[in-house]
Amino acid sequence: MKIAVLPGDGIGPEIVAEAVKVLKTLGRKFDLEMAPVGGAAFDIAGHPLPAATLTLAKDADAILFGAVGDWKYDSLPRELRPEQAILGLRKNLELFANFRPAICYPELTSASSLKAEIVGGLDILIVRELNGDIYFGQPRGIRSSELPLFKGAREGFDTMHYSEPEVERIGKVAFEAARKRSKKVCSVDKANVLETSQLWREVMIRISKNYPDVHLSHMYVDNAAMQLVKAPKEFDVVVTGNLFGDILSDEAAMLTGSIGMLPSASLDINNKGLYEPSHGSAPDIAGKGIANPLATILSTAMMLRYSFGMGIEADRVESAVQKVLAQGLRTLDIYTDGTQKVSTREMGDAVVKALS
Ligand code: IPM
Ligand code: MG
């Protein structure tokens, strides 16, 4: 079981180090190989996703990814910016299915900005399509406007599109996931305005016929954003496109108290996957030892379950995380009165201890 370990920028190296400790405690043989990615790779190799890193990721059975991005790269052209590393990995490895669970742990209910009765016990799963949409659509660019009113002015443009097979494959993933949960899929689109969404909705309805045991509903994305804060527990599985999924998954994350708690998995058709925390590189707190490593540690649990079929070990890691929360240990992002503030490393050590 070869794992490509790509720590990246900002808090990436700190949180990945803790997750690696956890993997090493499990007593299974993992072959871990590190490579630079993002801004860190740009500094060394002049590209955010160097060929050697991409090759390592392709050869590995799974990828553990930290985070990429830092303001100091803001002035680089788009193709050299750190974000291109994660987008390039997703696209090159055809990791089209992104699982972003949002679970509100009982111990953290009070860390949420929403009322306890709204978020207590929340357990939803956002299934975000990751290879298509306006993120990758062509043509795109900056050109001279042809609009009579703004003729000649600089104009940015991007293209949103989804083909039927792309919607079908992500739809199937969502329905299969719902079968193992509360058997509800809510498909989020903007079918009242966009043709892309109109086709998306048609395909979802068509494939739902193969899943008579799963209830399918539809919601426009603006309403979904509202319902997520109004009554999030009404959702089970939410399936949506790349752009809407990007936005809604951050919103869902905050319902749980901290984005620092949420793992994610990005899978290809064979369940090979890239595992990363749902949060970003947080350069403002990098190197201070205050980042929460739990999202990355929980991402390794997803890796064990989805890519390695090691459900027992995955359960062990998740229980260890629950145990440290029950012990009252908190990094700064989830700290509330009466709990014990710990550093990134102390949190990782506590999970390791809870495991052994
Ligand atoms: C995410 C991030 C990325 C995205 C960025 C870093 C390109 O926000 O994983 O949600 O937009 O997909
Ligand atoms: Mg995002």
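Look up a bit, the structure's there.
Remember, predicted model here, so these are calculated numbers, not experimental data.

So, how was this worked out
Residues numbered from 1 in each chain as written. Chains lettered and ligands numbered in written order. Predicted model: local features only at pLDDT ≥ 70, side-chain atom pairs only at ≥ 80, totals over all residues. Heavy atoms only, no water. Helix = DSSP H or I, 4+ residues; strand = E, 2+ residues; numbered from the N terminus. Rg over C-alpha atoms; globule rule 2.2 N^0.38 Å. Buried < 20%, exposed > 50% of the residue type's maximum accessible area, 1.4 Å probe, protein only. Areas by Shrake-Rupley, 256 points an atom, 1.4 Å probe, with all protein chains shown as cover. Lys, Arg positive; Asp, Glu negative; His and termini not counted. Charge placed at Lys NZ, Arg CZ, Asp CG, Glu CD. Core = buried A, V, L, I, M, F, W, Y, C linked by side-chain atoms within 4.5 Å. Salt bridge = Lys/Arg side-chain N within 4 Å of Asp/Glu carboxyl O. Patch = residues over 30% accessible without salt bridge, like charges linked within 9 Å, V, L, I, M, F, W, Y side chains within 5 Å. Pairing = 2+ DSSP bridges. Axes fitted to C-alpha atoms, helices over the stretch in contact; angles between N-to-C directions. Contact = heavy atoms within 4.5 Å. Expected span 1.5 Å × (residues − 1). Near = heavy atom within 4 Å. Polar contact = N/O pair within 3.5 Å; in protein donor to acceptor, adjacent residues only side chain to side chain.

A.B. asks: Give a detailed account of the overall build of the chain, specifying residues and quantitative values.
C.D. replies: The secondary structure content of the chain amounts to 12 helices and 14 strands. A compact globule built from 356 residues would reach a C-alpha radius of gyration of about 21 Å, and the chain, at 20 Å, matches this within 12%. Taking all 356 residues of the chain together, the buried fraction comes to 53%. When the accessible surface of the chain is totalled, it reaches about 15,500 Å², and 54% of it is carbon and sulfur. Once the 40 positive and 45 negative side-chain charges of the chain are each reduced to a mean point, those two points are 2 Å apart.

A.B. asks: With reference to specific residues and values, describe the nonpolar core.
C.D. replies: Soluble, globular proteins show a tendency: their nonpolar side chains are buried together. Membership of the largest hydrophobic core comes to 64 residues, with the highest contact counts inside it found for Phe 99, Met 204 and Leu 304. One finds Leu 114, Ile 124, Phe 244 and Leu 255 within the second-largest nonpolar core, a separate group that totals 21 residues.

A.B. asks: Give me the lowdown on the pattern of salt bridges, citing residues and values where you can.
C.D. replies: Per the stated rule, a full pass over the model turns up 21 salt bridges. For the salt bridge of Arg 81 with Asp 74, the shortest nitrogen-to-oxygen distance reads 3.4 Å.

A.B. asks: Describe a nonpolar patch on the surface, listing the residues and the values that go with them.
C.D. replies: A grouping of Leu 147, Leu 149 and Phe 150 is seen on the molecular surface, where their side chains present a nonpolar patch of about 350 Å² in accessible area. Position of Phe 150 among the secondary structure elements: in the loop between β6 (141-144) and β7 (154-157).

A.B. asks: Give me the lowdown on the sheet that holds strand β1 (residues 2-8), citing residues and values where you can.
C.D. replies: Read from one edge of the open sheet, 10 strands run β2-β1-β3-β12-β11-β4-β5-β10-β8-β9, paired in mixed fashion. Each edge of the sheet is formed by a strand with only one pairing partner; in this case those strands are β2 (31-34) and β9 (215-220). The mean angle between the axes of side-by-side strands here comes to 20°, regardless of whether they run parallel or antiparallel. Looking at chain direction, strand β4 (residues 97-103) and strand β5 (residues 123-129) are connected through 7 bridges and run antiparallel. Across the sheet, the residue bridging to Ala 102 is Ile 124, located in β5. Relative to β1, helix α3 (residues 51-59) is tilted by about 140°, and along the sheet it contacts β1, β2 and β3 (62-67).

A.B. asks: Could you give an account of helix α9 (residues 242-255), naming the residues involved and the relevant values?
C.D. replies: The terminal C-alpha atoms of α9, which comprises 14 residues, lie 20 Å apart, in line with the 20 Å expected from a rise of 1.5 Å per residue. Considered for burial, the residues of α9 that qualify are Asn 242, Phe 244, Gly 245, Leu 248, Ser 249, Glu 251, Ala 252, Ala 253 and Leu 255. Looking at the residues trailing α9, positive phi occurs at Gly 257, about 105°.

A.B. asks: Any chance you could break down the site of ligand 1 for me, citing the residues and the numbers?
C.D. replies: What surrounds ligand 1 is the set Glu 83, Arg 90, Arg 100, Arg 128, Tyr 135 and Asp 246. Between ligand 1 and the protein, one listed contact pairs an oxygen atom with a side-chain N or O atom of Arg 100 at 2.8 Å. For ligand 1, the accessible surface in isolation is 320 Å², of which the surrounding protein chains cover 74%.

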